[in-house]
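Spelled out, the chains give:
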Amino acid sequence: MPHQNSPKLAFCCPTIDAQPWADAMAKALPEAQIQIWPDCTEQADYAITWAPTQAFFDAQPQLKAVFALGAGVDGLLKLRLPESLAVVRIEDGGMAAQMQDYVTHALLRHVRRFDQYAQDIRAGKWIQYPAQDHASFPVGILGLGELGSKIAERVRDIGFPVVGWSKSPKTMEGIRCFSGEELYKFLSMSRVLVCALPLTPHTQDILNEQHLSLLKPGAYLINIARGAHLVEEDLLKLLASGHMAGACLDVMRTEPAPANHPFRSHPQITLTPHISAMTLLAPSIAQISQKIMSLRNGQAITGVIQRGRGY
Ligand code: GLV
């Protein structure tokens, strides 16, 4: 039963139905008072958000922490937020497993030429192409954070050579890790490039002609991060020149992709509508409710964004 001292929570998720999330939170934290924006009559201590609006934060100046119902917080950090407000992301929450599946599927589909065979069969052909071995497709994972490192492990475990790049140095078993200034070296060793970076001013447009040209010939791009990492015209140019063999993109600069966007009908591009990892209700609510309890007990929590670096 909520009482005077119970935590006050507000959900601000204007593009989805927040009710099931609020119901799950009410079960996880029975003592909490829960409101859903815009029907908030009280000042909340904690916010749980998905694509929140500036109006919400302007109306809720007493928030102590905001929990994003996602891994990427670039959209949230574009808003004007009080300096002292802790911004917390979902840490894995079932997303890594989905991304591992997405990337391995895209990778194997490309290596086993499933798109080519599908096109051939539809065109009335019956051609067997030579087998391609995993060793010929070294995979570079750009970003070795919470999600990127799990993807790197899965790709390594199914037998591909894997290299990784992160801003600061990392070590991972069986994976050659590069960092910082070694980006060029990393790119030149990769034939398949998987982008799992956070979107920050430093990483925006990182998938550009200069960088993609450094990949091994016949390169393939898998972008599961943000559309703004990719300079779209540069990809089209490199596909036309034959340097790149294709791309599988889960994210676009504009979502939904405009009806006449050239990526939609490009035979070498596979598009999916930002589904590589959906936030799962149960593990996410369990994680957030646990963190709210820790904060109320004065304990430190993980997953807090360093606002200055943007992730
Ligand atoms: C989805 O894109 C997320 O950031 O979780």
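Residues numbered from 1 in each chain as written. Predicted model: local features only at pLDDT ≥ 70, side-chain atom pairs only at ≥ 80, totals over all residues. Heavy atoms only, no water.

(A) Spotlight on the overall build of the protein. Scanning the protein from terminus to terminus reveals 11 helices and 12 strands. What you see for the protein is a C-alpha radius of gyration of 22 Å, in line with the 19 Å of a compact globule of 311 residues. A principal-axis box enclosing the C-alpha atoms of the protein has dimensions of 70 × 40 × 30 Å. Across the protein, every contact between residues at least 6 apart in sequence was considered, and the portion connecting residues at least 24 apart equals 61%. When the accessible surface of the protein is summed, it comes to about 15200 Å², and 54% of that surface belongs to carbon and sulfur atoms. (Helix = DSSP H or I, 4+ residues; strand = E, 2+ residues; numbered from the N terminus. Rg over C-alpha atoms; globule rule 2.2 N^0.38 Å. Contact = heavy atoms within 4.5 Å. Areas by Shrake-Rupley, 256 points an atom, 1.4 Å probe, with all protein chains shown as cover.)

(B) Highlighting the site of the ligand. In the vicinity of the ligand, the contacting residues are G70, A71, G72, M95, R226 and H274. The separation between an oxygen atom of the ligand and a polar main-chain atom of A71 is 2.7 Å. In this structure, R226 approaches the ligand through a side-chain N or O atom, which is 2.8 Å from an oxygen atom. Here the residues of the shell around the ligand are counted per class, giving 2 nonpolar, 3 polar and 1 charged. (Near = heavy atom within 4 Å. Polar contact = N/O pair within 3.5 Å; in protein donor to acceptor, adjacent residues only side chain to side chain. Nonpolar A, V, L, I, M, F, W, Y, C, P; charged D, E, K, R; others polar.)

(C) Inspection of the domain arrangement of the protein at higher detail. The domain architecture assigned to the protein consists of domain 1 (8-93 + 279-296) and domain 2 (95-271). Summarising the inter-unit geometry, the C-alpha centres of domain 1 and domain 2 are found 32 Å apart. Between domain 1 and domain 2, the residue contacts involve 11 residues of the former and 8 residues of the latter. For the pair domain 1 and domain 2, the summed buried surface comes to about 770 Å²; carbon and sulfur atoms form 49% of the total. Taken together, domain 1 and domain 2 are joined by 2 salt bridges. Of the charged contacts, one joins D92 and K150 as a salt bridge, the two residues approaching to 3.2 Å between their closest N and O atoms. Connecting domain 1 to domain 2 are 5 residue pairs in polar contact (both at pLDDT 80 or more). Split by residue class, the side of domain 1 that touches domain 2 holds 3 nonpolar, 4 polar and 4 charged. (Domains from an automatic or database assignment. Buried area = accessible area lost by both parts, 1.4 Å probe. Salt bridge = Lys/Arg side-chain N within 4 Å of Asp/Glu carboxyl O.)

(D) Highlighting the side chain of R109. Checked against the element boundaries, R109 lands in helix α4 (residues 95-111). Residues within four places of R109 in sequence aside, it is in contact with F114, D115, Y220, C248 and T270.

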